[in-house]
Amino acid sequence: MQRATVAVLFGGRSSEHEISSATAGGVLGAIDRDRYRVIPVGITREGVFVLEQDDPDRFRLDAHKLPEVVDNGTRILWPMPGDDRALRVRRADGTIDDLGAVDVVLPILHGLHGEDGTIQGFLDTLAIPYAGGGVLDSAVCLDKHFTKIALHDAGIAVAPGIVVRSRRWASEPDVVRDEVTALGYPVFVKPARAGSSVGVSKVHGPDELDGAMRTAFDEDDKILVECGMRGREIEVAVLEGRGSAPTRASLPGEIVVTTREFYDFEGKYLGGDGAEVICPADLTDAQTERIRDIGARAFDAVEGRGLARVDVFLTDDDEIVVNELNTMPGFTPISMYPKCWIASGLSYADLISELIELGRARTA
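Residues numbered from 1 in each chain as written. Predicted model: local features only at pLDDT ≥ 70, side-chain atom pairs only at ≥ 80, totals over all residues. Heavy atoms only, no water.

The name an unreviewed UniProt entry assigns to the chain is D-alanine--D-alanine ligase, from the organism Microbacterium faecale. In UniProt, the chain has this text filed under Pathway (unreviewed entry): "Cell wall biogenesis; peptidoglycan biosynthesis." (UniProt positions renumbered as here; feature names shortened; annotations may be inferred.)

**Student:** Residue-level account of the packing of aromatic side chains, with values.
**Tutor:** Aromatic ring pairs: the centre-centre distance and the angle between the two ring planes describe each pair. In total, this model carries six aromatic pairs according to the counting rule given. An angle of 75° between the planes, with centres 5.0 Å apart, marks the rings of F10 and F59 as edge-to-face. Pair noted here: F10 is in strand β1 (residues 4–11) and F59 is in the loop between β3 (49–51) and β4 (75–77), with a separation of 49 residues, a long-range link. Assigned by exposure class, F10 and F59 land together as buried. By way of ring pairs, the aromatic residues F49, W78 and F122 are connected into one cluster. The ring of Y130 is capped by R362, whose NZ or CZ atom sits 5.8 Å from the centre of that ring. (Phe/Tyr/Trp six-rings, centres within 6.5 Å; stacked < 30°, edge-to-face > 60°. Helix = DSSP H or I, 4+ residues; strand = E, 2+ residues; numbered from the N terminus. Buried < 20%, exposed > 50% of the residue type's maximum accessible area, 1.4 Å probe, protein only. Lys NZ or Arg CZ within 6 Å of the ring centre and 35° of its normal.)

**Student:** Residues and numbers for the UniProt feature "binding site: Mg(2+) 2" (unreviewed entry) in the chain, please.
**Tutor:** In this numbering, the UniProt entry assigns the feature "binding site: Mg(2+) 2" (unreviewed entry) to E324 and N326. For E324, the position within the fold is in strand β17 (residues 320–326). The exposure class assigned to E324 is buried, which follows from its relative accessible area of 12%. Structurally, N326 is set in strand β17. Apart from the residues lying within four places of it in its own chain, the contact partners of N326 are E115, L307, A308, R309 and D311. (Contact = heavy atoms within 4.5 Å.)

**Student:** Mind laying out the sheet that holds strand β7 (residues 104–107), listing which residues take part and the relevant values?
**Tutor:** Pairing within the open sheet is mixed, and its four strands lie in the order β3-β2-β1-β7. At either margin of the open sheet sits one strand with a lone partner, and together these are β3 and β7. Neighbouring strand axes in the sheet, compared pairwise and without regard to direction, differ in orientation by 30° on average. Looking at chain direction, β1 and strand β2 (residues 36–43) are connected through eight bridges and run parallel. Across the sheet, the residue bridging to A7 is I39, located in β2. (Pairing = 2+ DSSP bridges. Axes fitted to C-alpha atoms, helices over the stretch in contact; angles between N-to-C directions.)

**Student:** Describe the sheet that holds strand β9 (residues 187–191), and please don't skip the residues or the numbers.
**Tutor:** Across the sheet, which stays open at both edges, the four strands sit in the order β8-β11-β9-β10 with antiparallel pairing between neighbours. Looking at the sheet topology across the chains shown, the edges are occupied by β8 (161–165) and β10 (201–203). Looking at each pair of strands side by side, their axes are set apart by 25° on average, direction ignored. Where β9 lies against strand β11 (residues 222–227), five bridges are found, and the strand directions are antiparallel. When the sheet's bridge partners are listed, V189 is paired in β11 with V225. In this fold helix α4 (residues 144–153) packs onto β8, β9 and β11, with an angle of close to 55° to the strand it touches most, β11. Where helix α6 (residues 173–183) meets the sheet, it contacts β8, β9 and β11, and its direction lies at approximately 160° from that of β8.

**Student:** Help me get a handle on unusual backbone geometry, residues and values and all.
**Tutor:** Residues Y185 and P186 are joined by a peptide bond in cis, for which omega reads 0°. Along the chain, the position of P186 falls in the loop between α6 and β9. Here C279 and P280 are connected by a cis peptide whose omega angle stands at 5°. The backbone of R85 shows a phi angle near 60°, a positive value even though the residue is not glycine. Inspection of the secondary structure assignment puts R85 in the loop between β4 and β5 (86–90).

Below is the structure:
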């Protein structure tokens, strides 16, 4: 059987560069080499496309040194639409090598310039098939403000909150403070367009609000302030259906936070104490099916493609409130998304293959 060629695209310009690089380490180590030939393409923090090492250990997630893509002097040369899809690399000495035709791109990028529809539009323009979300669902889901609009329109419950732009915070901070007080403390302050809990703060009272706003505005000029929901943090992994088949949802998992304020960056990726990922979650059969159904409905509401992780709250009143969707969720071997599918009977390697095949099935 002839192997398909997959360009694995990772790194990027966002604040989640290291997490994308760590995801690459997991994917490079688990991808089925009997089925796929891999071309690892890194994007530096400055946005330069380079030919990276096909070495999973180089991108291992380490609490003491997070992996990153560095400029090694190479430059990836993308094919033009209508060409043979051959990827080329210009070496540091100026020589150009042909890397072969690309069948599909697997963009494992997080945050701006990767998970927001921009790289998806770039690949659409080049007429190269790719796995994961498309332009629309990527753009909508990266912006939590517009995610909530789409979900609300579909009749799906979301957390009450307000949107604050930097110019308004600068011009009428007291009005914003009054609106936050009306929501009721505690609240969560988060950038509208960032992931991996970067820039997110839990605010217990008015004296903590200004610092949290500064932290969030460091990441984005639009932020959300949302009510702190009382209940359990549940996450469900979603996959696009094959052909005309319906959207698929995994068994849900749960984030159990003990000594941490919330499931922050350190708890997610650096093995910090005080938070545990449990999959499958300890739920009744009825709760499990409701959460899976809402996860699939949320994915369909944003016209999802490929995959998403849908994060919900199961409130103390047994209501399900959707927090957000991630169209390229954390995908390291210890991340919730693959854990949910593993608990549902789909291995990490098979999950990667399924994403690639969903991408290959599309018409570029």
